[in-house]
Amino acid sequence: MAKSIGVITKKRRGRPVTTGKGTLIGVRLLDDPLSTLDAWIAKQKEPGLSRPEAIRRLVERSLTVKTRSMPSERQRAALADLASKTIDSLTVKAADDEKAGRKRRLLKGPEEFQEVRVDRPKAK
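Residues numbered from 1 in each chain as written. Predicted model: local features only at pLDDT ≥ 70, side-chain atom pairs only at ≥ 80, totals over all residues. Heavy atoms only, no water.

### Remarks on the overall build of the protein
Right, so step 1: Counting its regular elements, the protein contains 4 helices and 0 strands.
Right, so step 2: Walking the protein from its N terminus toward its C terminus, one meets helices and strands in the order α-α-α-α.
Right, so step 3: Residues counted as buried form 8% of the 124 residues belonging to the protein.
Right, so step 4: The long-range share in the protein, meaning contacts at least 24 apart out of those at least 6 apart in sequence, stands at 15%.
Right, so step 5: As displayed, the protein has an accessible area near 12600 Å², and 57% of this comes from carbon and sulfur atoms. (Helix = DSSP H or I, 4+ residues; strand = E, 2+ residues; numbered from the N terminus. Buried < 20%, exposed > 50% of the residue type's maximum accessible area, 1.4 Å probe, protein only. Contact = heavy atoms within 4.5 Å. Areas by Shrake-Rupley, 256 points an atom, 1.4 Å probe, with all protein chains shown as cover.)

Next up, the structure:
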C-alpha cells in the first residue's frame, strides 16, 4: 500500500501568539506566594493552566469584587442605639451614674484608642 501524502503546514517564524497585544508587566514572586499560586492552580478544574493565565484570572477576579463601604451616619446611629440597648440589657442593676460611665466606656472605647479610630469624627 502506498503511503498517503500528509498535509504539510508551513512553520511560521517568530514567537507564537498567546494573549494578543497588551502591556507586558514583569512580576517577581518569592517562594511563599509562588507556592500559594501553584496550589491555587492545582485546585482549578482546567488542566495545564499556566502561571501567567492564573495571575490574569486572579487579578480580574479581585478587581470585580465589590468592597464593603463604611456605614452612613444614619446606620452608625442605628448601630450605636442597638449597642446601647444591648449594653443596658446586659448590665446589672447598678447606680445610674456608674452604669452610664460603663456604657460610655464601652461605646467610645478606651481613651488610648480614641485618637486612632477612623470611623469616628475627631473630638473638638
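### Things to note about the environment of K108
Right, so step 1: The residue K108 is located in helix 4 (residues 96–108) in this model.
Right, so step 2: The exposure class assigned to K108 is partly exposed, which follows from its relative accessible area of 39%.
Right, so step 3: A sequence separation of 28 residues divides K108 from A80, and the C-alpha atoms of the two residues are 10.0 Å apart.

### Focus: the confidence of the model for the protein
Right, so step 1: Of all residues in the protein, 76% have pLDDT values of 70 or greater, and the mean over the chain is 78.
Right, so step 2: Element-level pLDDT for the protein is lowest in helix 4, with a mean of 76, against a maximum mean of 93 in helix 1 (residues 31–43). (pLDDT = per-residue confidence, 0-100.)

### A few points about the pattern of salt bridges
Right, so step 1: Per the counting criterion, the structure on display carries 6 salt bridges.
Right, so step 2: A salt bridge links R57 to E53, with the nearest nitrogen and oxygen atoms 3.4 Å apart. Residue R57 and its partner E53 are both found in helix 2 (residues 51–64); the two are separated by 4 residues, about one turn of the helix.
Right, so step 3: The structure contains a network of salt bridges with shared partners spanning E46, E53, R56 and R57. (Salt bridge = Lys/Arg side-chain N within 4 Å of Asp/Glu carboxyl O.)

### Details of helix 1
Right, so step 1: In this model, helix 1 (13 residues) spans 18 Å end to end at C-alpha, consistent with the 18 Å of a helix rising 1.5 Å per residue.
Right, so step 2: Taken residue by residue, helix 1 has L37, W40 and I41 as its buried positions. The buried residues of helix 1 occupy an angular sector of 100 degrees when the element is viewed end-on, so they sit on one face. Helix 1 presents D31, D32, T36, A42 and K43 as exposed residues on the side facing more than 90 degrees away from its buried surface.
Right, so step 3: Residues of helix 1 that are buried make contact with helix 2. (Expected span 1.5 Å × (residues − 1). Arc of directions from axis to C-beta.)

### Regarding a nonpolar patch on the surface
Right, so step 1: A grouping of I25, V27, L29, I55, V59 and L63 is seen on the molecular surface, where their side chains present a nonpolar patch of about 560 Å² in accessible area.
Right, so step 2: Its location among the elements puts V59 in helix 2.
Right, so step 3: Residue V59 is classed as partly exposed on the basis of its relative accessible area, which comes to 41%. (Patch = residues over 30% accessible without salt bridge, like charges linked within 9 Å, V, L, I, M, F, W, Y side chains within 5 Å.)

### Comments concerning the packing of helix 3 (residues 73–90) against helix 4
The packing of two helices is summarised by the inter-axis angle and the distance between the axes.
Right, so step 1: At a minimum axis distance of 11 Å, the contact between helix 3 and helix 4 shows a crossing angle of 135 degrees. The orientation of helix 3 relative to helix 4 falls into the category oblique. The element helix 3 and its partner helix 4 pack so that their crossing is right-handed. Residue-level inspection shows A80, A83, S84, I87 and D88 of helix 3 in contact with helix 4, the latter providing K99, K103, L106 and L107.
Right, so step 2: Looking at the contact of helix 3 with helix 4 residue by residue, the classes come out as 5 nonpolar, 1 polar and 3 charged. (Axes fitted to C-alpha atoms, helices over the stretch in contact; angles between N-to-C directions. Parallel < 35°, antiparallel > 145°, perpendicular 65-115°, else oblique. Left-handed = near helix turned anticlockwise from the far one by under 90°. Nonpolar A, V, L, I, M, F, W, Y, C, P; charged D, E, K, R; others polar.)

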